Amino acid sequence: ELPLADITGFAVFSDGAATVSNGSETLPATTVVDILTRYPQANGTFLNRRVRRQLRDWARAGFAPTDDLAGAALVP
């Protein structure tokens, strides 16, 4: 059971969220999900924009998912 009154959004991600790595360090999945769910506004294709931006930021830092990364979000 979930107290729906307390939920402000719901997101799910594939196991690719647990594979963001630079070859020697893998980011914890909880960190990846936290980063990917920091969207300033939830209109239009907000999750798509957020993931694309984060992939660019990770690439600059030498990180990338080593498996496919997929996600979906519901925000009222």
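Conventions and cut-offs
- Residues numbered from 1 in each chain as written.
- Predicted model: local features only at pLDDT ≥ 70, side-chain atom pairs only at ≥ 80, totals over all residues.
- Heavy atoms only, no water.
- Core = buried A, V, L, I, M, F, W, Y, C linked by side-chain atoms within 4.5 Å.
- Buried < 20%, exposed > 50% of the residue type's maximum accessible area, 1.4 Å probe, protein only.
- Helix = DSSP H or I, 4+ residues; strand = E, 2+ residues; numbered from the N terminus.
- Contact = heavy atoms within 4.5 Å.
- Arc of directions from axis to C-beta.
- Salt bridge = Lys/Arg side-chain N within 4 Å of Asp/Glu carboxyl O.
- pLDDT = per-residue confidence, 0-100.

### With respect to the nonpolar core
And step 1. Residues Val 20, Leu 27, Val 32, Leu 36, Leu 47 and Trp 58 are the most contacted members of the largest nonpolar core, which totals 13 residues.
And step 2. Contributions of two or more residues to this core are made by helix 1 (29-36) and helix 2 (46-60).
And step 3. Here this core takes 4 residues from helix 2, the largest share from any one element.
And step 4. Beyond its immediate stretch of four places on either side in the chain, Leu 47 contacts Phe 13, Leu 36, Tyr 39, Gly 71, Ala 72 and Ala 73.

### Examining helix 1
And step 1. Among the residues of helix 1, Val 32, Ile 35 and Leu 36 are the ones counted as buried. Looking down the long axis of helix 1, one finds its buried residues gathered within 95° of arc, a one-sided arrangement.

### Digging into the environment of Ala 11
And step 1. Tracing the backbone through its elements, the reader meets Ala 11 in strand 1 (residues 10-13).
And step 2. On the accessibility criterion, Ala 11 (29% relative accessible area) is partly exposed.
And step 3. Residues Ala 11 and Ala 72, spaced 61 residues apart in sequence, show a C-alpha to C-alpha distance of 5.6 Å.
And step 4. Apart from residues lying up to four places away in sequence, Ala 11 is in contact with Thr 37, Ala 72 and Ala 73.

### A look at the pattern of salt bridges
Should their charged atoms come close, side chains of opposite charge can pair.
And step 1. Under the criterion given, the structure shown has 3 salt bridges.
And step 2. The salt bridge involving Asp 57 is made with Arg 53; its shortest N-O contact spans 3.3 Å. Of this pair, Asp 57 and Arg 53 both sit in helix 2, 4 residues apart, which is roughly one turn of the helix.
And step 3. Of the charged contacts in the structure, one is a salt bridge between Arg 60 and Asp 57, with a shortest N-O distance of 3.0 Å. You can see Arg 60 and its partner Asp 57 sitting in helix 2, 3 residues apart, about one turn around the helix.
And step 4. Where salt bridges share partners, they join Arg 53, Asp 57 and Arg 60 into one cluster.

### A look at the confidence of the model for the protein
Keep in mind that low pLDDT regions are not for reading the predicted coordinates in detail.
And step 1. On average, residues of the protein score 91 in pLDDT, and 100% of them are at 70 or above.
And step 2. The spread of mean pLDDT over the elements of the protein runs between strand 4 (residues 71-74), the lowest at 91, and strand 2 (residues 20-21), the highest at 97.

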